[in-house]
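Overview (structure and organization)
Take a look at the letters that make up each chain.
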Amino acid sequence: MNDVRELQLTGQVRTHITQIDEPRFAAHPKTVEAFLAMRDAAQKEGIILQPFSSFRNLKTQIRIWNKKFRGEKPLYNIHGQERDYHSLDKNEIIDAILGWSALPGASRHHWGSEIDVVDAAVMPQNYRVQLLPNEVQSDGIFARLHVWLDENMHKFDFFRPYRLHQGGMFPEPWHLSHAPISIPAQQELSIAMIENVIRNNHLEGKELLLRRLPQIFRDHINNVCLP
Ligand SMILES: [Zn+2]
């Protein structure tokens, strides 16, 4: 494994990423191609498959992490209800963040294979996407999108790594993963690479994270639903 690959897998470079203008997103070229084909198919059914979040670099993930750790961004439970930040100790804060957000350096969004999706066809103007469970439930705004994805996304090699709660990440049905890119990436990403990221960056909870890394690697990073 070369150094560039390590930097790609941990979101420190974007040499593996293509930027698209319409719809606006950034992903691995092969994922871009598969996603655009899936978008065309969905459009025939009146669904406008729109990326809400795609490639994310390490700096952005660190910013999200630190804000959540300091209580500057809300923490949610598995049902999407806000938690009381001040009632949590540092370990509980880490657990609460890890329910919905990846450890910086270990976000699947670093790989260019992951896209969080919404249906632009059903969103009222000024609708604020939350990416919370109520939007995808059977009476939620994106229910029809998810029925369509259930039936069709496999044809384009997409799957839902956070389909079920297995003790790690909470279910995120909107988070789609492009298997031909993400499965090799997951196999290549090592605990040593993530340790390098934690040591070399300003991350809130650093010491605790280094101590807990083997558990986090097992229960969160590698604990996903495969296709
Ligand atoms: Zn996501």
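Look a little higher up for the structure.
Here is a short report on the structure shown in this document. (Residues numbered from 1 in each chain as written. Predicted model: local features only at pLDDT ≥ 70, side-chain atom pairs only at ≥ 80, totals over all residues. Heavy atoms only, no water.)

What follows concerns the overall build of the protein chain. Across its full length, the protein chain carries nine helices and six strands. Taken against the 2.2 N^0.38 rule, which gives 17 Å for 227 residues, the C-alpha radius of gyration of the protein chain at 17 Å falls within 12% of a compact globule. With the C-alpha coordinates of the protein chain rotated into their principal frame, the extents come out at 50 × 45 × 30 Å. For the protein chain, the residues scored as buried account for 52% of the 227 residues in total. Here the analysis covers contacts within the protein chain between residues at least 6 apart in sequence; of these, 67% occur between residues at least 24 apart. Surface exposure of the protein chain reaches about 11,200 Å², of which carbon and sulfur atoms provide 48%. (Helix = DSSP H or I, 4+ residues; strand = E, 2+ residues; numbered from the N terminus. Rg over C-alpha atoms; globule rule 2.2 N^0.38 Å. Buried < 20%, exposed > 50% of the residue type's maximum accessible area, 1.4 Å probe, protein only. Contact = heavy atoms within 4.5 Å. Areas by Shrake-Rupley, 256 points an atom, 1.4 Å probe, with all protein chains shown as cover.)

Bound to the zinc ion on the protein side are His109 (NE2), Asp116 (OD), Asp116 (OD) and His175 (ND1), at distances that span 2.1 to 2.7 Å. Geometry at the zinc ion is irregular, judged from the four donor atoms that bind it and their angles of 52 to 148 degrees at the metal. Going along the chain, you hit the donors of the zinc ion in the pattern H-x6-D-x58-H. Each member of the pair His109 and Asp116 is classed as buried. (Donors = N, O, S within 2.8 Å, 3.2 Å for Na, K, Ca; no water. Tetrahedral: all angles 85-135°; square planar, octahedral: opposite > 155°, others 65-115°.)

Hydrogen bonds along the backbone pair up the strands of a sheet, which may run parallel or antiparallel. Read from one edge to the other, the open sheet built from four strands follows the order 3-4-6-5, with strand pairing classed as antiparallel. In the strand order of this sheet, the two ends are held by strand 3 (49–53) and strand 5 (158–159), each with one partner. Here strand 4 (residues 114–119) pairs with strand 6 (residues 175–178) via three bridges, running antiparallel. Residue pairing across strands places Glu114 opposite Ser177, the latter belonging to strand 6. (Pairing = 2+ DSSP bridges.)

Attention shifts here to the packing of helix 4 (residues 90–100) against helix 9 (residues 206–221). With their axes 12 Å apart at the nearest point, helix 4 and helix 9 run at an angle of 35 degrees to one another. Helix 9 is crossed by helix 4, and the crossing has right-handed handedness. Note on element contacts: helix 9 touches helix 4 through Leu208, Leu209, Arg212, Ile216 and His220, opposite Lys90, Asn91, Ile94, Asp95 and Leu98. Of the residues that constitute the contact of helix 4 with helix 9, the class distribution is five nonpolar, two polar and three charged. (Axes fitted to C-alpha atoms, helices over the stretch in contact; angles between N-to-C directions. Left-handed = near helix turned anticlockwise from the far one by under 90°. Nonpolar A, V, L, I, M, F, W, Y, C, P; charged D, E, K, R; others polar.)

Quick look at the nonpolar core now. In this structure, Trp65, Leu103 and Ile194 are the most contacted members of the largest nonpolar core, which totals 29 residues. No other element matches the seven residues that helix 9 contributes to this core. Residues in contact with Ile194, not counting those within four places in the same chain, are Leu103, Pro104, Gly105, Ala106, Leu189, Leu213, Phe217 and Ile221. Val32, Val118, Val129 and Val136 belong to the second-largest nonpolar core, a separate cluster that totals 27 residues. (Core = buried A, V, L, I, M, F, W, Y, C linked by side-chain atoms within 4.5 Å.)

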